[in-house]
Each structure stands twice: as C-alpha cells, then as structure tokens.
Amino acid sequence: MSRPGQLHLNAFLMGVGHHEAAWRLPESDPYAHVDVSHYQNLARIAERGKLDSLFLADGPVLWDQVERRPSGTLEPTVLLTALAGVTERIGLIATASTTYNEPYNLARRFASLDLISGGRAGWNIVTTAGLDAARNFNLNHLPAHAERYERAAEFIDVSLKLWDSWDDDVILADKERGVWGDSDRIYPPAHEGRFYRVAGALNVPRSAQGHPLLVQAGSSENGRTFAARYAEAVFTAHQTLADAQEFYDDLKRRAAEHGRDPDHVKILPGIVPVIGDTEAQARELDAELNRLIRPEFALPGLAELLGVDVAELGLDSELPAHLPEEDELEGAKSRRTLVVNLGRRERLTVREIIARLGGGRGHHTFAGAPEQVADAITGWYDTGAADGFNIMPPVLPGGLELFVDRVVPILQERGRFRTDYTGRTLREHYGLPRPANRNTADRATVSPSSR
C-alpha cells in the first residue's frame, strides 16, 4: 500500500564519492575533493534533479590516514557560499560542531549563508566525537558524551535567541526622515547559562526562511532526545528496515512528547545507491570498489570505533567475543552499536565488515538497476521507515548523475517526487513553516513567498 505525499531527497556530497576506494577508479580525479568547480558541478546536477538539498559533512580534524583516501576538507559554510552563487533553489546544509565553536560566531556564519542564498541554509548540528579533535582545541580529553549534548542544547538555545534578535520589521529605510532602522525591534539575548554568556544582538538580520533549518545526525539515546527537541530534519543510518521503522516511530513519538508536530521532523536515512543498467552490472561495480579497499588502512579506524586495540582484530576472524559496553565509551555511540550489531547478526569477518563499511560507513548500501533502487526507496517510505533519503553516491560525479537521470524520473513518474520546485527556501522544500520570532510571536507569521 502506497503512502500519500512525496519523498524528500538530500544529496550528501563527499569528495569523489562515499566509497573509500572511489578515488582509485580510472575516471576519478584524486584532487577533486578540494576543487570548488567539482562541487559546483555536483550542485548543478543535484538541482537539475530538483533535490531538496545538498549536504556537506565536516569535522575539525584530519580524517583518516592520508594513505587511505583523498584527505583534507574545505570549510563547508565557505564552500556552500560558492555553491549558492551557481544555484537558485536547492538547499545548502553544512555541518558544524557545538563542541568546538562559539554560538555568536557560528550563528552569524549560518545567518550570513542564509541571507546570501535567499533562505536556503541548513545546519547539521554535531557534538563531535574523537580525542583527536579535542586535542586541536587545547583539550587533553574528550568531553563526556552527556556533557557534549548538554552544551549543544544550550548552544542551540543561544543561537535561536541570536537569530531572533532582529524583528522582521527592523529595517525602515525611511530616507525622508533619515531613519534606517527601529532600535525598539532589536532584542539582545542577554544570555547567561552554564556554558555560555552572550550579551548582544546578532549583527545579521533575519532571512527569508526565518533562520537556518536545524538538522541532526546522532542516534544514541542522547542524540534522539536532542533531535526530538530541536531537529527539523534527521540524517540517520540503518542496515535493516526493522531498525529504521523502530527509529522512525520512536523519534516521532518523542517529538510529540516535546509538544512538536511529528510531521515537522523529517527523517532521512542514508542510502548508498550503486546503480547499473542491470542488477548484475551494479553488483559488479560494487564488487570492483570493494576489491580496491586496502583493509590494513581501515583497521585502526574500526578498532577506535569499537574501543579495542588493533591487535585484537584479525582480518579473517569475526569480532572479538568481548567488546567494551556502549556506556564505557565516549565516541560515536550509535554508529558503534550499528557496526557491532551488523557483525554479530551476519557473522561477518573483520575483512567483510570493512568491505561493508567501505561504501557508506554503516549506511545502507543497495546495488541494483534504476527501477530496483526506486523500489527500495519507496518501499522504506511506504512502510513508515523514512520521510525521504540522504543519497550517498559511491562515486562522484557519476553516481549522482545516474541517480538524477535514471532514478529520479522513475520516482517522478510514480508521483513520489516533485517535477519542479514550488518554493524558494529550504523550509518550503521540506514542507516546514517559517518560524515566528519568539520576541514577536503574537504577530501573524509572514510566509516567505509573500515577503
């Protein structure tokens, strides 16, 4: 039975592809991950497909060993500003950490991107796991998992106050009287909390969509609570339909318990679509990519995720019988649980786990013909596992072009995806209302299209 409504699709862009060995293919450019023209091309492809948004991951640390894959990442809000100039409608979502930033600077950066893009900005909120990142910010230890989320909650509260520190009607531009703005419609936060003290108003006005879309990607207990309270879109990772359905139902319930409309929290699991003219061709590409993985480079990262020494992991053995409990670790808890469950459930060797993670780091990988990929997407949507998907092409730009040119038309023919944009802001793409300014909430909300 089909579910009413249309899917939301986000393009998750990562270098020359999500598969760690994509750079080794003959057609891949090993230098493209720091080439703005590469990302501008990807943004145009995604917008041609009428996708809701595109997304850039980030972290304040050098990812992986430089031997393993192209390393180095352009700062995402800077890069998205360049992409805003070559696109008109597609949303632009950047990752930024609440652990290693200050609210005023980050709120200003996203408000600026929101204005530059005409109301198309989104913020993927992360708390950042990993001791290496902590050491880049004058810390000798990783802040505790619960504390990182407590800090994140206050960080978001301050950011919302800053984005609401300008009334929509501040600017008068009265040339005859010589009055540009109304100071009575500026609302300094005067915030004093456990982690932050922020006195003055933001120096950037409100955008066409009110403030950037809030996105979250953690699935731990703390992550779910945080998402239910703040997130308007949730990027998540699941290997099975049952796990995705459980997460979907749980998060929608939690959002309702926080007094929110569950329909205003869009859940988008990641999918790595390996696409071929036929299923056999797609599986051949998937196998070729996996053959190009250097498992010895992947072992240290897997060991860190699991909380064990590299010496405890034999490539041709299953996971050790005894692993640290989740509550003993301070890293990426939900991703670690996903990997352990995958290995235990399918009795995979460490080598096989590395291959399964090579394409999407725990996200669902699906190899098939365009029709089969479309079936997989609508199947999860119709059975209450997703409101849409975070599309993670294994190879870029080719994988994104195949998805846009071969899969999207099938979804459009079925009435499951838009054939053109109907709004201009990211919130409009996701069917979300423009948030009222908390300082003037008694006034009628103004829709972006009427401004």
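Structural data are supplied above this passage.
This one's a predicted model, so the numbers in the text were calculated from it and none came from an experiment. (Residues numbered from 1 in each chain as written. Predicted model: local features only at pLDDT ≥ 70, side-chain atom pairs only at ≥ 80, totals over all residues. Heavy atoms only, no water.)

Peer 1: For the environment of Ser53, give the residues involved together with the corresponding values.
Peer 2: Within the secondary structure, Ser53 is located in strand β2 (residues 53-56). Within polar-contact distance, the side chain of Ser53 engages the side chain of Asn10 at 2.7 Å. (Helix = DSSP H or I, 4+ residues; strand = E, 2+ residues; numbered from the N terminus. Polar contact = N/O pair within 3.5 Å; in protein donor to acceptor, adjacent residues only side chain to side chain.)

Peer 1: I'd like to hear about the side chain of His238, residue by residue, with values.
Peer 2: By secondary structure assignment, the location of His238 is in the loop between β10 (233-236) and α7 (241-257). A polar side-chain atom of His238 sits 3.0 Å from a polar atom in the side chain of Thr236. Beyond its immediate sequence surroundings of up to four residues, His238 is in contact with Asp243, Ala244, Phe247, Pro269, Leu338, His364 and Trp380. (Contact = heavy atoms within 4.5 Å.)

Peer 1: Lay out empty space enclosed by the protein with the relevant residues and their values.
Peer 2: Inspection of every chain in the model, using the stated rule, returns one cavity of 30 Å³ or more. Looking at the largest cavity, its volume works out to about 40 Å³. In this structure, the largest cavity is lined by Ala111, Asp114, Trp163, Leu202, Val204, Pro205, Arg206, Ser207, Gly210, His211 and Pro212. (1 Å grid on protein atoms, 1.4 Å probe; cavity = no way out; pocket = protein on both sides within 12 Å on 5 of 7 lines; lining within 4 Å. Points joined across faces, edges and corners; volume = space filled by probe spheres on them.)

Peer 1: Provide a residue-level description of the pattern of salt bridges, including the pertinent values.
Peer 2: Applying the stated criterion to the full structure yields 30 salt bridges. Close ionic contact of Arg185 with Asp182 constitutes a salt bridge, the shortest N to O distance being 3.4 Å. In this structure Arg185 comes out as partly exposed when scored by relative accessible area, which is 25%. Judged by relative accessible area, which is 19%, Asp182 ranks as buried. Across the pair Arg294 and Glu296 runs a salt bridge, and its minimum N-O distance is 2.6 Å. Accessibility expressed as a relative area gives 37% for Glu296, which makes it partly exposed. Members of the salt-bridge network, linked through shared partners, are Glu221, Arg224, Glu246, Asp250, Arg253, Arg254 and Glu257. (Salt bridge = Lys/Arg side-chain N within 4 Å of Asp/Glu carboxyl O. Buried < 20%, exposed > 50% of the residue type's maximum accessible area, 1.4 Å probe, protein only.)

Peer 1: For unusual backbone geometry, give the residues involved together with the corresponding values.
Peer 2: Put simply, Leu396 and Pro397 share a cis peptide bond, and its omega is 10°. The residue Pro397 is located in the loop between β13 (388-391) and α13 (398-413) in this model. We note that Ala173 has phi near 50°; this positive angle belongs to a residue other than glycine. If you trace the backbone, Ala173 turns up in strand β5 (residues 171-174). A relative accessible area of 46% means that Ala173 is categorised as partly exposed.

Peer 1: Break down the packing of helix α1 (residues 36-48) against helix α2 (residues 76-84) for me, citing the residues and quoting the values.
Peer 2: To describe two helices that pack against each other, one gives the angle between their axes and the distance between the axes. The contact between α1 and α2 brings their axes to 9 Å, and the two run at 55°. The orientation of α1 relative to α2 falls into the category oblique. Handedness of the α1/α2 crossing: right-handed. For the pair formed by α1 and α2, the contact residues are Val36, Tyr39, Gln40 and Ala43 on the first element and Leu79, Ala82 and Leu83 on the second. (Axes fitted to C-alpha atoms, helices over the stretch in contact; angles between N-to-C directions. Parallel < 35°, antiparallel > 145°, perpendicular 65-115°, else oblique. Left-handed = near helix turned anticlockwise from the far one by under 90°.)

Peer 1: Go over the environment of Arg120, please, and point to the residues and values.
Peer 2: As for its placement among the helices and strands, Arg120 is situated in the loop between α3 (103-116) and β4 (121-126). Expressed as a C-alpha distance, the spacing of Arg120 and Ser53, which sit 67 residues apart in the sequence, is 8.4 Å. What Arg120 contacts, discounting residues up to four positions off in sequence, is Glu47, Ala84, Thr87, Glu88, Arg89, Ile90, Gly91, Leu92, Asp114, Gln209, Arg424 and Leu426. A polar side-chain atom of Arg120 sits 3.4 Å from the main-chain carbonyl oxygen of Glu88.

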